[in-house]
Amino acid sequence: MENNNSLKANINSRLCKGCGICVLFCPKKIIEVKQDKAFINNIDDCIGCRQCEYHCPDFAIVVGDNNG
Ligand code: SF4
Ligand code: SF4
């Protein structure tokens, strides 16, 4: 079921170092690191909580409303 929150996480793979911190903090467990880059498996499940954005040490994640 798609949620109504239009805020979605966007990962800038040029900045991502593949540390996996965002994976640990995402309450929906939709982020995965593959070949040292983070990916979001099911963006429809993203609730826009910004936990990934707050905790990424490389500022590689921005949560915004342009991806819903
Ligand atoms: S926390 Fe940031 S640098 Fe680390 S894997 Fe996630 S997006 Fe990449
Ligand atoms: S905004 Fe929240 S739900 Fe969406 S990917 Fe980041 S931590 Fe996960």
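Owing to the predicted nature of the structure, the values given are computational and were not obtained by experimental measurement.

The rules behind each value
- Residues numbered from 1 in each chain as written.
- Chains lettered and ligands numbered in written order.
- Predicted model: local features only at pLDDT ≥ 70, side-chain atom pairs only at ≥ 80, totals over all residues.
- Helix = DSSP H or I, 4+ residues; strand = E, 2+ residues; numbered from the N terminus.
- Buried ≥ 20, exposed ≤ 12 C-beta atoms within 10 Å, placed from the backbone.
- Near = placed C-beta within 6 Å.
- Nonpolar A, V, L, I, M, F, W, Y, C, P; charged D, E, K, R; others polar.
- Pairing = 2+ DSSP bridges.
- Core = buried A, V, L, I, M, F, W, Y, C linked by C-beta atoms within 7 Å.
- Contact = placed C-beta atoms within 7 Å.

Comments concerning the environment of cysteine 19
You can see cysteine 19 is positioned in the loop between strand S1 (8-11) and helix H1 (21-25). According to the C-beta neighbour criterion, cysteine 19 is partly exposed, with 16 such atoms within 10 Å. Counting along the chain gives 14 residues from cysteine 19 to valine 33, while the straight-line C-alpha distance between them is 8.1 Å.

Points about the site of ligand 1
With respect to spatial proximity, 14 residues lie near ligand 1, and among them Cys16, Cys19, Cys22, Ala38 and Cys56 are the closest. Of the residues assigned to the shell around ligand 1, the class counts are ten nonpolar, two polar and two charged.

Section: the site of ligand 2
Around ligand 2, the surrounding shell holds 16 residues, and the nearest of these are Ala9, Cys26, Cys46, Cys49 and Cys52. A class-by-class count of the residues in the shell around ligand 2 yields twelve nonpolar, two polar and two charged.

What to know about the pairing of strand S2 (residues 31-34)
It is a general feature of regular strands that their side chains alternate between the two faces of the sheet. Here S2 pairs with strand S3 (residues 37-40) via four bridges, running antiparallel. Each residue of the ladder has a partner; that of glutamate 32, found in S3, is phenylalanine 39. Linkage of S2 to S3, two consecutive antiparallel strands, is achieved through a turn of two residues, within which glutamine 35 is found at a positive phi near 50°.

Points about the nonpolar core
Ala9, Cys22, Cys26, Ile31, Ala38, Ile40, Cys46, Cys52, Cys56, Ala60 and Ile61 together form the largest nonpolar core, which totals eleven residues. In contact with alanine 9, not counting residues within four places along its chain, are Ile40, Cys46, Cys52, Glu53, Ile61 and Val63.

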